[in-house]
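Examination of the molecular architecture
Okay, here's what each chain looks like letter by letter:
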Amino acid sequence: MIQVGIFSGYFPYDLETTASKIRTLGFNTVQLDLHFTDIDLSAGQITDDKARRIRDTFRAHDLPICAISGYTNIVHPDLDERKRRVDYLKEIIRNARKFGTPYVISESGTFNAESDWVHDDKNKTQEGYDTALAVLDDLRQTAYDHGATFLLETYVNNVIGSIEETERVFADLAGKPGIELLMDPTNYFETQNIDKQQQVLGEVFDSLGDRVRIAHAKDVKRSGDDKSEKHADIGDEHALESHTFRGVGEIELPAAGLGELDYEFYVARLAEKSPNVPLIIEHLDESDVPRAKEFVDGVLTKVGV
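Residues numbered from 1 in each chain as written. Predicted model: local features only at pLDDT ≥ 70, side-chain atom pairs only at ≥ 80, totals over all residues. Heavy atoms only, no water.

A tally of regular secondary structure across the protein gives eight helices and ten strands. Taken against the 2.2 N^0.38 rule, which gives 19 Å for 305 residues, the C-alpha radius of gyration of the protein at 18 Å falls within 12% of a compact globule. Based on the C-alpha atoms only, the size of the protein along its principal axes is roughly 50 × 45 × 35 Å. Taking the contacts inside the protein whose residues are at least 6 apart along the sequence as the reference set, 80% of them involve residues at least 24 apart. Accessible surface, the protein as shown: approximately 11900 Å² in total, 46% of it carbon and sulfur. Charge centroids of the protein, computed over 34 positive and 56 negative side chains, lie 5 Å from each other. (Helix = DSSP H or I, 4+ residues; strand = E, 2+ residues; numbered from the N terminus. Rg over C-alpha atoms; globule rule 2.2 N^0.38 Å. Contact = heavy atoms within 4.5 Å. Areas by Shrake-Rupley, 256 points an atom, 1.4 Å probe, with all protein chains shown as cover. Lys, Arg positive; Asp, Glu negative; His and termini not counted. Charge placed at Lys NZ, Arg CZ, Asp CG, Glu CD.)

Here we take up the sheet that holds strand E6 (residues 179–183). With parallel pairing, the eight strands of this closed barrel are ordered in space as E1-E2-E3-E4-E5-E6-E7-E10. On average, each strand axis in the sheet is inclined to that of its neighbour by 30°, with strand direction left out of account. Sheet analysis places E6 next to strand E7 (residues 212–217), joined by three bridges and oriented parallel. Bridging from a neighbouring strand, Leu 182 pairs with Ile 214 of E7. Where helix H8 (residues 289–303) meets the sheet, its contacts fall on strand E1 (4–7), E7 and strand E10 (279–281), and the angle it forms with E10 comes to roughly 150°. (Pairing = 2+ DSSP bridges. Axes fitted to C-alpha atoms, helices over the stretch in contact; angles between N-to-C directions.)

Looking now at the layout of surface pockets. Estimated volume of the largest pocket: approximately 180 Å³. Lining of the largest pocket is provided by 13 residues; of these, Ile 163, Glu 164, Tyr 188, Asn 193 and Val 200 occupy positions nearest its centre. Mapped onto the lining of the largest pocket, the elements with two or more residues apiece are helix H5 (163–172) and helix H6 (197–208). Counting residues per element, the lining of the largest pocket draws most heavily on H6, at three residues. Within the lining of the largest pocket, the residues separate by chemical class into four nonpolar, five polar and four charged. (1 Å grid on protein atoms, 1.4 Å probe; cavity = no way out; pocket = protein on both sides within 12 Å on 5 of 7 lines; lining within 4 Å. Points joined across faces, edges and corners; volume = space filled by probe spheres on them. Nonpolar A, V, L, I, M, F, W, Y, C, P; charged D, E, K, R; others polar.)

Let's shift gears to the pairing of E7. Counting buried positions along E7 gives five out of six residues, so the element sits mostly inside the fold. In this region the chain leaves E6, passes through H6 and returns to the parallel neighbour E7; the handedness of that crossover is right-handed. Note: E7 against E10, three bridges, orientation parallel. Bridge assignment links Ala 215 to a residue of E10, and that residue is Leu 279. (Buried < 20%, exposed > 50% of the residue type's maximum accessible area, 1.4 Å probe, protein only. Right-handed = clockwise from strand over helix to strand, strands pointing away.)

This paragraph deals with the confidence of the model for the protein. One rule of thumb: low pLDDT means the predicted coordinates there are not for detailed reading. Residue-level pLDDT values for the protein average 92, and 92% of them are 70 or greater. Counting contacts from residues 227–244, a segment whose pLDDT is below 50, to residues more than four positions away or on other chains yields 54 contacts. (pLDDT = per-residue confidence, 0-100.)

Attention now moves to the nonpolar core. Ile 6, Ile 54, Phe 58 and Tyr 266 are the most contacted members of the largest nonpolar core, which totals 98 residues. Setting aside residues up to four positions removed in sequence, Tyr 266 forms contacts with Met 183, Pro 185, Leu 201, Phe 205, Ala 215, His 216, Leu 261 and Leu 279. (Core = buried A, V, L, I, M, F, W, Y, C linked by side-chain atoms within 4.5 Å.)

A word on the pattern of salt bridges. What the rule picks out here adds up to 24 salt bridges. Residues Arg 269 and Glu 272 are paired through a salt bridge, measuring 2.9 Å at the closest nitrogen-oxygen approach. Remark: Glu 272 and Arg 269 occur in helix H7 (residues 263–273); sequence separation between them is three residues, near one turn of the helix. The class of Glu 272 is exposed, set by a relative accessible area of 53%. Among the salt bridges present, the one from Lys 293 reaches Asp 297, with a minimum N-O distance of 2.6 Å. Of this pair, Lys 293 and Asp 297 both sit in helix H8, four residues apart, which is roughly one turn of that helix. The exposure class assigned to Lys 293 is buried, which follows from its relative accessible area of 11%. (Salt bridge = Lys/Arg side-chain N within 4 Å of Asp/Glu carboxyl O.)

Here it is in structure tokens:
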């Protein structure tokens, strides 16, 4: 059975208040963002006691942590900045099990110096790919050494931004444990393929469905499709930058139910390939969470999962 969850960071409160508010909304799991108003989890500040306190608080509210957000630019062009970011990501990975989950998530990054979510021409070069692959292999090894699993999230503006590039990573790391896939269907779409959703999603699930460990629930639409202008971001003062709501070109990535993603097809394929994978709602603010949850729950009911 697919469990519906939410990013904890959409609730910018102390730990107890965050857990209580999420449970009141009827969620069964959370993707953990490492920021609460009463706990410092910045680089060098993660301790066994803090991790267990967070784990136990969410468990006390019947909200097991299914994954941890580790989003950062793992190929930042400034080498000192890249090292700082990757080192913090590896700190999160080393401590993941103490929070109650093996899974830590990030995209592959971009060589753009201004934003973690903007394309750079170097992303699509052999040098760019080789650099990203080396970092991913290092993260994979760190995860394996600490009983964890790094989840790669494909995103069109990053080095690993297509089905083919994602397949290439798993082929090049074949036989090496510690890395699997975060499934976010909207991250594969650009203007030229948004009208081929079943084809694109079918290819992703047919090729990579057995690697999926966590799935995300947001939406995709062309700019100007006026279902919603409700955009919000999670600010994280501790350096792991939050998502943009822009995709590529004319593409936007609003909250679930506010775009044109073929949600019934997506959920049906997810249930077929990964029936026990948590589905985590994102790209919204706290006020929109009840609507998004109702939408996702409705799709699950309609599809019969």
